[in-house]
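# Overview (structure and organization)
What follows is each chain in one-letter form.
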Amino acid sequence: MTEKKVSVLEGFKAFLMRGNVIDLAVAVVIGAAFTSVVNSFVKGIINPLVGAFGTKDLDSYSSCLKGTCKVVNGEVQGIKIMWGSVLGATLTFLITAAVVYFLLVLPMAKYLARKAARDAAKEGTKEVVELTELEVLKEIRDALVAQSRGDGTGTGASPGRPLG
(Lines give C-alpha, C1' and ligand atoms only; values in the text may rest on other atoms or scores of the structure.)
Protein backbone atom coordinates (compact mmCIF):
# COMPACT_ATOMS: atom_id res chain seq x y z
CA MET A 1 0.00 0.00 0.00
CA THR A 2 2.82 2.41 0.76
CA GLU A 3 4.46 1.49 -2.54
CA LYS A 4 1.47 2.86 -4.45
CA LYS A 5 1.51 6.09 -2.45
CA VAL A 6 5.23 6.51 -3.07
CA SER A 7 4.85 5.83 -6.79
CA VAL A 8 1.88 8.21 -7.04
CA LEU A 9 3.84 10.91 -5.24
CA GLU A 10 6.88 10.29 -7.44
CA GLY A 11 4.67 10.45 -10.52
CA PHE A 12 3.14 13.71 -9.31
CA LYS A 13 6.59 15.12 -8.63
CA ALA A 14 7.74 14.10 -12.11
CA PHE A 15 4.63 15.72 -13.58
CA LEU A 16 5.31 18.98 -11.74
CA MET A 17 8.96 19.03 -12.68
CA ARG A 18 8.34 18.58 -16.41
CA GLY A 19 9.32 21.67 -18.33
CA ASN A 20 5.92 22.40 -19.85
CA VAL A 21 4.17 22.60 -16.45
CA ILE A 22 6.75 25.05 -15.14
CA ASP A 23 6.54 27.07 -18.37
CA LEU A 24 2.76 27.18 -18.08
CA ALA A 25 2.93 28.40 -14.48
CA VAL A 26 5.38 31.14 -15.47
CA ALA A 27 3.14 32.13 -18.38
CA VAL A 28 0.11 32.45 -16.11
CA VAL A 29 1.99 34.65 -13.65
CA ILE A 30 3.45 36.83 -16.40
CA GLY A 31 0.05 37.04 -18.10
CA ALA A 32 -1.64 38.16 -14.90
CA ALA A 33 0.98 40.84 -14.34
CA PHE A 34 0.82 41.90 -17.97
CA THR A 35 -2.97 42.30 -17.85
CA SER A 36 -2.72 45.35 -15.61
CA VAL A 37 -0.23 46.95 -18.01
CA VAL A 38 -2.54 46.41 -20.98
CA ASN A 39 -5.60 47.62 -19.06
CA SER A 40 -3.72 50.78 -18.08
CA PHE A 41 -2.69 51.30 -21.70
CA VAL A 42 -6.26 50.95 -22.90
CA LYS A 43 -7.66 53.24 -20.21
CA GLY A 44 -4.86 55.80 -20.41
CA ILE A 45 -4.21 55.99 -24.16
CA ILE A 46 -6.83 54.17 -26.23
CA ASN A 47 -9.88 55.46 -24.35
CA PRO A 48 -8.80 59.12 -24.60
CA LEU A 49 -8.17 58.65 -28.33
CA VAL A 50 -11.65 57.21 -28.70
CA GLY A 51 -12.89 60.00 -26.42
CA ALA A 52 -11.71 62.53 -28.99
CA PHE A 53 -14.59 61.29 -31.14
CA GLY A 54 -17.10 60.62 -28.36
CA THR A 55 -16.96 59.53 -24.74
CA LYS A 56 -13.74 58.66 -22.93
CA ASP A 57 -15.23 55.57 -21.36
CA LEU A 58 -15.83 52.77 -23.85
CA ASP A 59 -18.20 51.10 -21.39
CA SER A 60 -20.64 53.97 -21.79
CA TYR A 61 -21.22 53.15 -25.47
CA SER A 62 -24.45 51.20 -25.74
CA SER A 63 -27.55 50.80 -27.82
CA CYS A 64 -31.09 49.89 -26.98
CA LEU A 65 -32.65 46.95 -28.76
CA LYS A 66 -36.08 48.62 -29.07
CA GLY A 67 -36.27 52.38 -29.34
CA THR A 68 -34.46 54.24 -26.58
CA CYS A 69 -33.64 52.93 -23.15
CA LYS A 70 -35.14 55.00 -20.36
CA VAL A 71 -34.02 55.16 -16.77
CA VAL A 72 -37.02 55.14 -14.46
CA ASN A 73 -36.46 55.12 -10.68
CA GLY A 74 -32.81 54.08 -11.18
CA GLU A 75 -33.69 51.09 -13.38
CA VAL A 76 -33.08 50.84 -17.10
CA GLN A 77 -36.21 50.02 -19.04
CA GLY A 78 -35.60 48.31 -22.35
CA ILE A 79 -32.90 45.93 -23.53
CA LYS A 80 -29.53 47.65 -23.42
CA ILE A 81 -26.69 46.24 -25.53
CA MET A 82 -23.32 47.22 -24.07
CA TRP A 83 -21.23 47.08 -27.24
CA GLY A 84 -18.70 49.57 -25.83
CA SER A 85 -17.50 47.10 -23.20
CA VAL A 86 -17.15 44.44 -25.90
CA LEU A 87 -15.12 46.89 -27.98
CA GLY A 88 -12.89 47.69 -24.99
CA ALA A 89 -12.33 44.00 -24.24
CA THR A 90 -11.57 43.33 -27.91
CA LEU A 91 -9.03 46.15 -28.02
CA THR A 92 -7.43 44.85 -24.83
CA PHE A 93 -7.22 41.36 -26.32
CA LEU A 94 -5.76 42.57 -29.62
CA ILE A 95 -3.14 44.72 -27.88
CA THR A 96 -2.21 41.84 -25.56
CA ALA A 97 -1.97 39.40 -28.47
CA ALA A 98 0.16 41.82 -30.51
CA VAL A 99 2.57 42.47 -27.65
CA VAL A 100 2.90 38.77 -26.83
CA TYR A 101 3.46 37.90 -30.49
CA PHE A 102 5.94 40.65 -31.35
CA LEU A 103 7.86 40.67 -28.05
CA LEU A 104 7.80 36.98 -27.14
CA VAL A 105 6.69 34.58 -29.88
CA LEU A 106 8.43 36.12 -32.89
CA PRO A 107 11.84 36.59 -31.22
CA MET A 108 11.67 33.07 -29.76
CA ALA A 109 10.80 31.60 -33.17
CA LYS A 110 13.73 33.43 -34.76
CA TYR A 111 16.06 32.26 -31.99
CA LEU A 112 14.93 28.64 -32.37
CA ALA A 113 15.36 28.82 -36.16
CA ARG A 114 18.92 30.16 -35.76
CA LYS A 115 19.68 27.48 -33.19
CA ALA A 116 18.34 24.75 -35.48
CA ALA A 117 20.47 26.10 -38.35
CA ARG A 118 23.57 26.14 -36.11
CA ASP A 119 22.86 22.60 -34.93
CA ALA A 120 22.39 21.43 -38.52
CA ALA A 121 25.67 23.10 -39.53
CA LYS A 122 27.45 21.44 -36.60
CA GLU A 123 26.04 18.05 -37.61
CA GLY A 124 27.24 18.58 -41.19
CA THR A 125 30.71 19.53 -39.94
CA LYS A 126 30.76 16.54 -37.61
CA GLU A 127 29.90 14.18 -40.47
CA VAL A 128 32.65 15.68 -42.66
CA VAL A 129 35.18 15.37 -39.83
CA GLU A 130 34.14 11.78 -39.15
CA LEU A 131 34.37 10.96 -42.84
CA THR A 132 37.83 12.53 -43.09
CA GLU A 133 39.02 10.61 -40.03
CA LEU A 134 37.62 7.44 -41.55
CA GLU A 135 39.51 8.06 -44.78
CA VAL A 136 42.77 8.62 -42.86
CA LEU A 137 42.26 5.40 -40.93
CA LYS A 138 41.63 3.52 -44.20
CA GLU A 139 44.85 4.91 -45.66
CA ILE A 140 46.79 3.84 -42.56
CA ARG A 141 45.25 0.37 -42.79
CA ASP A 142 46.13 0.10 -46.48
CA ALA A 143 49.69 1.23 -45.80
CA LEU A 144 50.06 -1.34 -43.03
CA VAL A 145 48.67 -4.11 -45.22
CA ALA A 146 50.99 -3.13 -48.05
CA GLN A 147 53.93 -3.01 -45.67
CA SER A 148 53.18 -6.44 -44.27
CA ARG A 149 52.97 -7.93 -47.79
CA GLY A 150 56.33 -6.47 -48.67
CA ASP A 151 55.39 -4.72 -51.84
CA GLY A 152 57.69 -1.86 -50.95
CA THR A 153 55.06 0.81 -50.69
CA GLY A 154 55.21 0.89 -46.92
CA THR A 155 57.81 2.91 -45.08
CA GLY A 156 59.12 0.05 -42.94
CA ALA A 157 60.02 -2.46 -45.68
CA SER A 158 63.59 -2.67 -46.81
CA PRO A 159 64.07 -3.08 -50.55
CA GLY A 160 66.45 -6.05 -50.43
CA ARG A 161 64.70 -8.19 -47.89
CA PRO A 162 61.30 -9.78 -48.34
CA LEU A 163 58.83 -9.87 -45.45
CA GLY A 164 57.02 -13.07 -45.07
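These remarks concern the structure in this document. Remember, predicted model here, so these are calculated numbers, not experimental data. Here the residue index of a chain counts from 1 through its sequence in written order. Under the rules for a predicted model, residues below a pLDDT of 70 receive no local features and side-chain atom pairs below 80 are neither given nor counted, while totals for whole chains, interfaces and linings still include all residues. Hydrogens are left out, water is left out, and the side-chain values use all remaining heavy atoms of the structure.

### Considerations on the overall build of the chain
In terms of regular secondary structure, the chain is built from three helices and four strands. Comment: elements are numbered from the N terminus, with helices defined as DSSP H or I runs of at least four residues and strands as E runs of at least two. Along the chain, from the amino end to the carboxyl end, the secondary structure elements read α-α-β-β-β-β-α. Residue contacts follow a heavy-atom distance rule, with two residues in contact if any of their heavy atoms lie within 4.5 Å. The long-range share in the chain, meaning contacts at least 24 apart out of those at least 6 apart in sequence, stands at 27%. Accessible surface area values rest on a Shrake-Rupley calculation with a 1.4 Å probe, where residue burial reflects the displayed protein chains alone. Carbon and sulfur atoms make up 67% of the accessible area of the chain, which totals about 13,300 Å².

### So, the pattern of salt bridges
Between Lys or Arg on one side and Asp or Glu on the other, a salt bridge is scored when a side-chain nitrogen of the former is within 4 Å of a carboxyl oxygen of the latter. Tallying each qualifying case throughout the model produces one salt bridge. Between Arg141 and Asp142 there is a salt bridge, with the nearest N and O atoms lying 3.1 Å from each other. Classification of Asp142 as partly exposed rests on a relative accessible area of 43%. Each residue gets one of three labels from its accessible area relative to the maximum for its type: buried under 20%, exposed over 50%, partly exposed in between, using a 1.4 Å probe on protein chains only.

### Examining the layout of surface pockets
Here a cavity means grid points, on a 1 Å grid over the protein atoms only, where a 1.4 Å probe fits yet cannot get out; a pocket means an open set of points with protein on both sides within 12 Å along at least five of seven lines; lining residues are those with an atom within 4 Å of a point. Grid points are joined across faces, edges and corners, and a volume is the space filled by probe spheres set on the points. In this structure, the largest pocket encloses a volume near 280 Å³. In this structure, the largest pocket is lined by Asp23, Val26, Ala27, Ile30, Gly31, Phe34, Thr96, Val99, Val100, Leu103 and Leu104. Every element with two or more residues in the lining of the largest pocket is listed here: helix H2 (19–51) and helix H3 (83–149). With six residues, H2 is the single largest residue contributor to the lining of the largest pocket. Residue polarity follows a fixed list, in which Ala, Val, Leu, Ile, Met, Phe, Trp, Tyr, Cys and Pro are nonpolar, Asp, Glu, Lys and Arg are charged, and the others, Gly among them, are polar. When the residues that make up the lining of the largest pocket are grouped by side-chain class, the tally is eight nonpolar, two polar and one charged. Put simply, the second largest pocket is a space of about 160 Å³. Lining the second largest pocket we find Asn39, Val42, Lys43, Asn47, Asp57, Leu58, Asp59, Ser85, Gly88, Ala89 and Thr92.

### Overview of the packing of aromatic side chains
For this analysis, a ring pair means two rings from Phe, Tyr or Trp (six-membered ring only for Trp) whose centres lie within 6.5 Å, classed as stacked if their planes differ by under 30 degrees, edge-to-face if by over 60, and tilted for the remaining angles. On inspection of all chains with the given rule, the structure shows two aromatic pairs. Centroid distance Tyr61 to Trp83: 5.4 Å. Interplanar angle 35 degrees. Geometry classified as tilted. With Tyr61 in the loop between H2 and strand S1 (63–64) and Trp83 in helix H3, this residue pair connects regions lying 22 residues apart in the sequence. The buried category is assigned to Tyr61, whose relative accessible area is 18%. Take Trp83: its relative accessible area is 40%, and that puts it in the partly exposed class. Considering the side-chain rings of Tyr101 and Phe102, the 5.1 Å spacing of their centres and the 80 degrees angle between planes classify their relative orientation as edge-to-face.

### Some points on a nonpolar patch on the surface
A surface patch of nonpolar side chains, amounting to about 570 Å² of accessible area, comprises Val100, Tyr101, Phe102, Leu103, Leu104 and Val105. You can see Leu104 is positioned in helix H3. A patch consists of residues exposed above 30% relative accessible area that lack any salt bridge, with like charges linked at up to 9 Å and nonpolar side chains (Val, Leu, Ile, Met, Phe, Trp, Tyr) linked at up to 5 Å.

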